[in-house]
Every structure is written in C-alpha cells, then in structure tokens.
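Summary of the model geometry
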Amino acid sequence: MSAMAGLARQSNLPAARKAGFGQLLGWELHHVGRSPLLWIVLLVLLAAMAWGARSGSALHRAQDAAIERSRSSDERWSQEIAERARRYAAVASERVPYWQDPTDIAGFSRYFLRAHSYKPNLPQSPLAVGGSDLLPTQLPVTLETPFGVAPNYDFENPRALAMGRFDLGFVLVYLLPMALIILLGLMGTFERDHGMLRLIAAQRAGPRAWLGARVVAIFAWLAPPVLIGIIAALQLAGADLGGAMPELLAALAAVAAYLAFWTALGFLVLSAWPRAAGAVSVMGAAWILLAVGLPLLGSAAAARLGQAPSAIAYIDAQRQANDAIAAERDALLARAFRSRPDLAGALGRIGELDYATRLTFLAPELERRLQPLRDRQAKARHARERFSHWAGYAAPPLGLAQALSRLAGTDPARHQHFEQQTVAFQRELRGWFYPRVQRQIATPTPRSDSYGRLNFNEFGAIPAYAWRELPARARVAAALPFTGWLLVLATLLAGVAAARLRQWPAELSA
Amino acid sequence: MIATLSGYEWALLRRDRRAWTVLLALAALVLLALALDLAALAAANRDKADAARTERERWLAQGEKDPHSAAHYSIFAFKPTPTLAALDPGIEPFVGQTVWLEAHVQNDMLYRPQGDASALERAGLASPASLLIGFMPLVAFLLAFTTVALDRGRGTMRLALGAALRPRAIVAAKTLAIWRALLWVLLLPVSTGAALASIVMATFTGDVALRLALWAAAMALYMGVLSAVGVAVSLLAPSVRAALALLFGLWIVLALALPRWAASAVEAAVPLPSSQQVKQQLQEQAPPFWSAEDARRQRAQLLARHGVRDLRQAGLSARGAELDLNERHSHAVFDRVIGGFYDRVLAQDRAFAAWGWLTPTAALQSLSPLLAGSDFGHHRRFIDAAEHYRRDLVNRMNGEVRDHPVQDQGTPHTDGRQLWAQVPPFEPPVPRLAEHWHAAGPALGGLLGWAALAWALLAWAARRLRP
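So, a few notes on the structure that sits alongside this text. Remember, it's a predicted structure, so these values are computed and weren't measured experimentally.

Points about the overall build of chain B
A count of helices and strands for chain B gives 17 helices and 2 strands. In terms of overall size, chain B is more extended than a compact globule, its C-alpha atoms giving a radius of gyration of 29 Å where 467 residues would be expected to give roughly 23 Å. Oriented by its inertia axes, the alpha-carbon framework of chain B measures out at about 105 × 45 × 40 Å. In chain B, which comprises 467 residues, the share counted as buried stands at 56%. Put simply, 82% of the contacts in chain B that link residues at least 6 apart link residues at least 24 apart. When the accessible surface of chain B is split by element, carbon and sulfur atoms take 62% of a total near 19300 Å². Positive and negative side-chain charges of chain B, numbering 46 and 38 respectively, have mean locations separated by a distance of 14 Å.

Points about the pattern of salt bridges
For the coordinates displayed, the defined rule picks out 52 salt bridges over all chains. Across the pair A:Glu191 and A:Arg214 runs a salt bridge whose closest N-O atoms are separated by 2.7 Å. Of this pair, A:Glu191 sits in helix α7 (residues 190-193) while A:Arg214 sits in helix α9 (residues 207-236); the two residues are 23 residues apart in sequence, bridging distant segments of the chain. A relative accessible area of 2% means that A:Arg214 is categorised as buried. For the salt bridge of B:Lys79 with B:Glu92, the shortest nitrogen-to-oxygen distance reads 2.6 Å.

Some remarks on the side chain of B:Ser264
Of note, B:Ser264 is situated in helix α9 (residues 240-269). Among the polar contacts listed, one links the side chain of B:Ser264 to the backbone oxygen of B:Trp261, at a separation of 3.0 Å. If sequence neighbours within four positions are ignored, B:Ser264 has contacts with A:Trp51, A:Ser55 and A:Phe166.

Observations concerning the environment of A:Gln307
Residues and elements named next belong to chain A. Summarising the element assignment, Gln 307 is placed in the loop between α11 (276-302) and α12 (311-327). Assessed through its relative accessible area of 60%, Gln 307 is described here as exposed. In this structure the C-alpha to C-alpha distance between Gln 307 and Phe 166, which are 141 residues apart in sequence, comes to 34 Å.

Examining the nonpolar core
Judged by nonpolar contacts, the single largest core of 188 residues is most densely connected at A:Val226, A:Ile230, A:Trp287, B:Leu182 and B:Trp251. With 18 residues, the single largest contributor to this core is helix α10 (residues 245-270) of chain A. Dropping the residues within four chain positions of it, A:Trp287 is found in contact with A:Tyr174, A:Pro177, A:Met178, A:Ile181, A:Trp262, A:Val292, B:Phe135, B:Trp251 and B:Leu256.

Criteria and thresholds
- Note that residues are indexed from 1 along each chain, following the sequence as it is written.
- As a convention, the first chain written is A and the first ligand written is 1, with the rest following in written order.
- Local features in a predicted model are, by the rule used here, given only for residues with pLDDT of at least 70; side-chain atom pairs are given and counted only at 80 or more, and totals for whole chains, interfaces and linings are based on all residues.
- Think of the side-chain values as coming from all heavy atoms in the structure, minus any hydrogens and water.
- Numbering of helices and strands runs from the N terminus; a helix is a DSSP stretch of H or I covering at least four residues, while a strand is a stretch of E covering at least two.
- Atoms counted for the radius of gyration: C-alpha only. Globule rule: 2.2 Å times the number of residues to the power 0.38.
- Partly exposed residues are those whose accessible area sits between 20% and 50% of the maximum for their type, while under 20% is buried and over 50% is exposed, using a 1.4 Å probe and protein chains only.
- Every residue pair with non-hydrogen atoms within 4.5 Å of one another is taken to be in contact.
- Note on areas: Shrake-Rupley, 1.4 Å probe, and residue coverage restricted to the protein chains presented here.
- Think of it this way: Lys and Arg go in the positive column, Asp and Glu in the negative one, and His and the chain ends go nowhere.
- Note on charges: their place is set at NZ of Lys, CZ of Arg, CG of Asp or CD of Glu.
- Basic side-chain nitrogens of Lys or Arg form a salt bridge, by our definition, when they fall within 4 Å of a carboxyl oxygen of Asp or Glu.
- Nitrogen and oxygen atoms within 3.5 Å of one another constitute a polar contact, given that in protein one can donate a hydrogen and the other can accept it, and given that sequence-neighbouring residues count only through two side-chain atoms.
- Residues belong to a common nonpolar core when they are buried Ala, Val, Leu, Ile, Met, Phe, Trp, Tyr or Cys residues joined through side-chain atoms within 4.5 Å.

Rendered as structure tokens:
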C-alpha cells in the first residue's frame, strides 16, 4: 500500500487515482490541437505537398506528351515512306541509290526504319519524381545500336537536376521530419523550459504516461492530415488515384511508418529531458546524419563497388573493336558466309555488299567483342543498386525515397525493365529484318525497271513496340518490407524511450 | 574595442562544446567531400586526357580512305573538368562528358556521371559547396543561438549590456566572433586545400587564383549574412524558444525549401522544349540522310550556282558539293534549333539567379558554380568549341571530296595521313572568368542585397537593445 493511499484512508478521503494514459492522451489531444505552432506547421506542409505534387505532375505530363508526339511523328513518317515507296515503283530510266530507297530492304533497315521504345508514367507518378528527371522515357531503336540501348537521355536543366526537384517525395522525405522535429522539440520541452516540470511531477501521472501521451498526441495530430494531404495533393495534381489504389495505400502506410519512426526517435531524445535547444539540436543532428551523412559515405563506398569500366574506357574499347572489325571485315564476312549453307555459295559477292547489309553481320560481332565489358558494367550497376537498396534500411530517408519512387514507378528497377524491353524489341526487329536483308545476298529479288529496288514492301508487318507494365503487386511487395522495418525501428526506439522514462529528471528530486 | 570584445566572444564560443563540435563536424565533412571530389576529378581528367591522346592517334592512323568517311570516323572530344569543380561540381555530374564529332549531326554530349546512378549515389552527392551552402546556415544559426539567445535567456546579456558603454559594440563583437569561427574553421581550410590541390595538379593559374579568391569572398559574404541574420533574430525574438523556432524554421525555408521551390517555379515560368521536340525539328529541317527528291533539288541548285550543266566542268565532284551544301545548311539549323535550346537553358539559369533576392542560398547556388567554372555557361563554351571544331573538320573533309571529281568510272578519291595531319588536334577551351562575369550580376545583386538587409536588421536589433 502506498503512503499516499494510507494517508487518504487515515483522513477518510477517497484514494486519488493515478491518471491513466488514456486520460492523459485525451487531455493532450485537446491541448496540442489548440497550438498555433501545430497549425502553422501543418499549413506550410500541406501547401508544400500540393506544390510538390504539382511540380512532379508537370514533369510527367510533359514526358507523356513527348511520347505521344514521338508516336505521332513515327506514324507520319511511316505514311510518308509508304507514299514514297508507291512513287518509286514507277518505271524510270535512273535508279535511286539504296540509302535513299525505302523499297530496298537493306536501305530501309539502316536509313528509314524509325522506331522508339517508350516508358509511360504511371497514374500515381507525382508521388515521387525519383529518377524520372534523369532517366529517359523514350529511346530510339536502331538495328545497329550495340546492346539495343542508346546512351540517349531527355535533356533537363542540369542545374535543376543538381539541386533536386521540389516534388512530393522531397516534402515527405526531407521536410516532414523537420516539421516533426520542430513540433516535438518545442512542444515536448515546454514544461522543462518554463520550470513547470516539478509541478507536473507532483501530479498523479508517471513520466512515461505523461510524455508518451504528449508525443502520441503530436503524432495523432500530424499523421492524419499528412496522409489526407497526400491524397489531396495527388488529386490536385491530376493523378488518377483510382487506377493505383494498392500503390497509394502502400505509400500511405510507408509515410505513416516513417512518421512513426521519427516520432519514436524524437520520443527517445525527449526521454533524456533536454531543453528545447538540446532536443532540436540532437534531432536535427540525427536528421543530418541519416539524410546527408550516411548517403555521402555510402555513395563514396558504392562508387568503388564492382570495378566497373568507366564510360571513357567503354568508348575506347568500342572504338578499338570497331577498328579491328573494319580491318578484318571481309574475313569476318567470309567466315559468316561459310558457316551458313544458304550463303556459302555467295562468297564471291562479299565485295559488292552495301554498308547496311554488312552491318547485319558486323553489329552482332561488335556486341560479341564488347560483351565482357558490358557484363562488368551491368554487374557493377546491379551491385550498386543492391547496395543502395540495403543502405535504405540504415538511412530511412533514403529508404523512403526509394520506396516512394518504386511505388510511383519512377525507380531505376522500372527503368531497367524498360531497357530490357527495348533490348528485346531490338532483337525482335533484328530477327525480322536480318533474314530478309541477308536473303537478298544469295537469292536477290529480280530487278525491275522501276526507280526503286522494290524488294521490300511489308511496311505494315514490321514489329511494333509494346510496353508491358510490371504488376502493381510487385511494386507494393517491394515497398512493404521497408515499411515493416520502419515499424520495427519505431517500436524499438519507443521501447527504449519508455524504459528510460521510469523516473522524472534527477534534479527534480534534489 | 570591438576587436577585444570579439576575441573574448571567440574564446567563449570555443568553450561551448556543443557548438564547437557541430562546427568541427561540418568542417570534417566539407574536407572529406573535397578529398573525395578531388580524387574523382583527378582520375576522370587523367582518363579523359589519355583518351583524347588515343583519339588523336587513331585519327592520324585511320589509313587511306574517302575523306567523307574520315569525317564520319572523326573523333570523340572529351571535356576536362575544371579543378575548382572539386569545390563545387555544379552541373558536371548531370551533363555528358564527351561528344562524338561526326559528319551531318551535332551529337548530344553523352555519358553523364550521374546518368545511371543509384538512389544512394544521387542522395549522397555532396560537395564542399553544397554542404557549406546548405548546412552552414544551420551552424551559423546554432552559434548565434548559443552566443546571443541563451545569453539573453540566462540574463548574462542584460548584465553585459548594463555594464557596457556602447551596447552595440557587444552585438558587433558577437556577430564578428561567429563570422570569424565560420571563416577560420569552415572556409579557410577548404579554400587552402583547393589552392594546394590546384598547385599539385599543375592547374593553378592567375584565372584559377582569381576564381578561388572570389569564390572564397562570396562564401565569406554569405557567412557574414547568416551570422548577422542569426544574431539579429536571436535578439529580436521574444524568447529563447521563439528564437530557436525562428532560426530552425529560417534554415529550413531559406536553405532547403525555397531554392528548390524557386528552381521549379523557374521551370514552370520558362519551360524548356522537350528533347523529343528538338530532335523532331532537327529531323525535319536537317535530316542526316536526305531524300532522292532533295538530292535532285540540291543538284539543280549547285548547277545554277556554278553556271554549268555538269559540276565536273567546274572541277567539282557532285557528291562532294552536295555533301558540302547539306552540311552547311545543317549548321544554320543547328544554330537555330540547338543553339536556341541552349539559350533557353541559360535563360532559365538567369531567371533562377534572379531569385537570389528571395534567399541568399539561391544567390550562392548560382554564383558558386559560375566562379568554379562548373555552370552551364562554361559547359556551353565546350559544346560550342567542339561544334566549331566539328564543322571545320567536316568542311575540310567534304571540301577535299568536292574538289576531286571522279572522272568517268574512275576510282574514288582517297586521302591519307598527310590530310588527316592538317586537321589540328582538338583543344578544349579554358574559359576565363572575365568572359563569364556578366552572368554573375543577378546573383551577386541578390547576395549584396541580403548583406545590406542583414546589416540593417542587425543595426535595428542592436538599437532596440535595452539593458
């Protein structure tokens, strides 16, 4: 029996009940909700989220419009070529050079084939710009491009790229913890700074329940408006949320878990009973360590992963391989002809082959020679991506940035999927064109007295690019482990904070 | 007197372990970033110099061939990174480092260092300048909070003011002490390190010295602005907690949020056409492969120009003359379309620099890469120089084809090392600061405006001081 209860019994007074967590939370919810600071922070955050989503959406709308223009341009080109082919079928006294002749299969394959691969943005893409400002959304596909993917990109102002974009991801990953730091740092230390902690300690409330209720109340006031704000900002930005409900729910869960992590970290800091300056400094330092320090060190380590040959080394190797192939050209062609029963009898025609036809043999040969270098580059890139993925677990801001961009479809993994489809499309085109071009070597279509060569007219049968999207569940499944990890971290941090809060600060008992 | 007081404040500041630890931690991070940047820069420049030498040897040793084929073979031009980019890489990680100078097309610069970077590599992209510009305000505000707001909170400021003959001298001394701490601990080591590295790498010239001196001066002014703002806010805030909230909020708004917001506002106000639109325009106006109908028109034009029925009568090759005509036509198109596009990029940068009045961080984010030689203006100089070289090379090769007509089924004209050697090696431009100084106006104006505002704010706060 406590001394207080004993005293109450002696004086015939009812024993004062210790205030429970629920009671305190109710009071704190009421108290925190009346703070002007909370509403100022919320208003600024919501405005920033709306602007961020709008900024990301503007970029993606422009990219999608460029894709549509490119498609239309390719279609117009196809019509123009078909029209030109009809004209070139007319009888003429002169012959058009093969590189100006769309009715010549070799000329067409090298000089007239215009094809692109596209990576359209997802409905929820304004959630995070991720790598979409840096990675191309369309790639030209030619038969001779080594490994199918040209090193092209959509030019964005490099100053803006270096600074980073003010998108919704930036607001959620970097500014949201700042808002929480200010709220926790100032509201969690109010009594301490004003010398009122002794009064609180004299009440029938334990330190754990009292501070815990304050922290939970701040979280409860911040989290729902932020989550609703995300939906509202995306709606305002014109995102079609109905088409991306699983990703949206996963993103809301990730942001809620991220808020829980920072709240728990703040709770841990506050459990040492610092003043506002100390609390904000320590939480600010944690933010800098997690958002800047760890990525800086991790990036330096990542650059040394895999020993990838540099772009300059790759160019040098490509130039060397091209020179060697040019020097061995006829020997290479002869070897290829001898290995093919349909061409073995056409060895004598090697000297007459046009450039486009020669390329059908030499482009794969260039790839064969560069393959080891390419494999090393791909391996190093994969290692860097894996390292980045795991680094996200050590640095939650990086982890959330990756999770959001994964859910938004603006991540490197989706881009690699796009590149793989581009490579597959190029192989499909090669598989379609090369046999037709090479058939003309041994069994050429008889020449008519037309202006054009007329050994090709299957314009409508050329394979077309079709984008195949990864299922939504793959994106959600990729983001969920990180959300779980944040919740585990939050629980651990809150547990440690609660364990430290058995007593009021030592100086109060002095 | 102010110097003595400032020395005293400096000594007090050094005794504050929390403030000093934060200052030293940022200094260590800045020096680490400088070391990493210098190592990467030296390795990349070494690779580029080697590759450029190899390209020249390849060009000379390409053997006997049709000169127009040589124009297609051509060379890759590599852009060396300026030494001071180790201080501020600016746009370097986001622009191509090499360009293939082939006939018919002005190719894009390819292979951006951040082109296939992981999220970690992009998040960890920190340089001395970005750390100083982004996080030094927080440190300056923390120092101001420690030396002023906490002094006020404890009541020691009131005692000092009561005993002082000139209270304003105390404010000046505190501001100077903070500024001195930032200069000595953050700016001096990194500037000295950059100068030493430049000397070791044998790139230290008068222009580099001037750039470095002005970079350090701009950064010092920025530090002065932040010291003054920090002290003024700490003096004007109604309480210690309000000072803390205001300073932390100011850091978030001025250094983190507003610069990015300004960048996206500029993009909305001065949008760039997409790469697809640019390429489509080029395809329509200067296609690398022209049609048979175009070829007929061009031949008629050439015959009319020379007043002959066969270009051989004018001692010209029809193919060479046509190649030359097309090439020169494309130059005008490239200047209009690509040049216009790059002009627009520069207009965006100027518009962003003009936002320097909104936050000193944006002003310095424009000024610092300009002084380091890593902004788009300097990059454009390389693009233009490489394109100029390409046009000279291709025109020279096409001219050789044009001036050697193939006579009645004769073998086509070829050239060899003697002609290739007549094309000088490509020398990347080394832009002098004086050529780019005009672009610094808006950002410098913004920074000076902030300096005046900070000084006025500090003077006002000092005048309001009562013991």
